[in-house]
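Spelled out from the first residue to the last, the chains are:
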Amino acid sequence: MTNHSFKIFEKVKDLPSNWDQVAHQNVFLQRAYLSVLQTAAPLNMTCYFVGIYENSKLIGVAIAQHINLNYLQSYGARDSSTKNFFRNFVFKKWASQVLFIGNNTVTGQNAFTFETEIPFDKISVLLYEMKKKLIAYLKDVNSSIHLVSIKDFYQDCAFELQNNGLSKLYCYES
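Below is a short write-up of the structure. (Residues numbered from 1 in each chain as written. Predicted model: local features only at pLDDT ≥ 70, side-chain atom pairs only at ≥ 80, totals over all residues. Heavy atoms only, no water.)

**A look at the pattern of salt bridges**
Okay, so step 1: If you walk through the whole model with that rule in mind, you get 4 salt bridges.
Okay, so step 2: The partner of Glu 54 in a salt bridge is Lys 122, with the nearest N and O atoms 2.9 Å apart. Of this pair, Glu 54 sits in strand 2 (residues 45-54) while Lys 122 sits in helix 4 (residues 120-140), placing them 68 residues apart in sequence. (Salt bridge = Lys/Arg side-chain N within 4 Å of Asp/Glu carboxyl O. Helix = DSSP H or I, 4+ residues; strand = E, 2+ residues; numbered from the N terminus.)

If you want it as structure tokens, here you go:
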């Protein structure tokens, strides 16, 4: 998909002027909602807004959220034993940095939308490439990702995406 590219935005104010036109079918991907989400996000969550381009034309929009679980006060401390210390160490070192492709604060199919209907095989490839781009972007700003989750697909959509290569999304390449 050499004619596709992605641009990652950290601030709603920096989104392209036609963002809402592309996101017209999903209120949870429009500027007004994203602005509230960005303002009200907990300290351990950073929102990223992704423009999906085809030949430099914005054709799709998506949201991703980096959740840093190291901000939590406790990982379920039950006592001060060695086992508890080891569990917390392992969790912080290898499972505390989570990237959600989608919106962790709402349910429903709100991870992405396109200006026009896109076939599932193309969506699968775009999601895979977007995941790689987000991980590389976060690595550049010193945030390693331990887990990636793509959330809340309706059953028929999940089935189609899985049949068209969604399983690639679960392969983490560091």
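**Details of the nonpolar core**
Okay, so step 1: The biggest cluster of nonpolar side chains holds 23 residues, and the ones touching the most others in it are Val 50, Ile 52, Leu 99, Phe 112, Phe 114, Met 130 and Leu 134.
Okay, so step 2: Only strand 1 (4-9), strand 2, strand 3 (57-68), strand 4 (97-101), strand 5 (112-114) and helix 4 provide two or more residues apiece to this core.
Okay, so step 3: In terms of residue count, the dominant contributor to this core is helix 4 (7 residues).
Okay, so step 4: Discounting chain neighbours no more than four positions away, the residues touching Ile 52 are Ser 5, Phe 6, Lys 57, Leu 58, Ile 59, Gly 60, Val 61, Ala 62, Phe 114, Leu 126 and Met 130. (Core = buried A, V, L, I, M, F, W, Y, C linked by side-chain atoms within 4.5 Å. Buried < 20%, exposed > 50% of the residue type's maximum accessible area, 1.4 Å probe, protein only. Contact = heavy atoms within 4.5 Å.)

**Re the environment of Ile 59**
Okay, so step 1: Note that Ile 59 resides in strand 3.
Okay, so step 2: Since its relative accessible area comes to 8%, Ile 59 is described here as buried.
Okay, so step 3: For the pair Ile 59 and Thr 116, spaced 57 residues apart in the sequence, the C-alpha separation amounts to 7.5 Å.
Okay, so step 4: Once residues lying within four places of it in the same chain are set aside, the contact partners of Ile 59 are His 4, Val 22, Ile 52, Tyr 53, Glu 54, Thr 113, Phe 114 and Glu 115.

**Quick word on the side chain of Gln 97**
Okay, so step 1: Relative to the helices and strands, Gln 97 is located in strand 4.
Okay, so step 2: A polar contact of 2.6 Å, which involves the side chain of Gln 97, links it to the side chain of His 66.
Okay, so step 3: Polar side-chain contacts of Gln 97 include one of 2.9 Å to the side chain of Asn 68.
Okay, so step 4: Filtering out sequence-adjacent residues up to four positions away, Gln 97 remains in contact with His 66, Ile 67, Asn 68, Asn 70, Ser 144, Ile 145, His 146 and Leu 147. (Polar contact = N/O pair within 3.5 Å; in protein donor to acceptor, adjacent residues only side chain to side chain.)

**Thoughts on the packing of aromatic side chains**
Okay, so step 1: Taken as a whole and assessed by the stated rule, the structure comprises 4 aromatic pairs.
Okay, so step 2: Residues Phe 9 and Trp 19 carry aromatic rings whose centres are separated by 6.3 Å and whose planes lie at 90° to one another, so their mutual orientation is edge-to-face. Pair noted here: Phe 9 is in strand 1 and Trp 19 is in helix 1 (residues 19-22), with a separation of 10 residues, a long-range link. The pair Phe 9 / Trp 19 is uniform in exposure class, with both members buried.
Okay, so step 3: Centre to centre, the rings of Phe 28 and Tyr 33 are 4.9 Å apart; their planes meet at 90°, and the pair counts as edge-to-face. (Phe/Tyr/Trp six-rings, centres within 6.5 Å; stacked < 30°, edge-to-face > 60°.)

Purely geometric numbers; function is a separate question.
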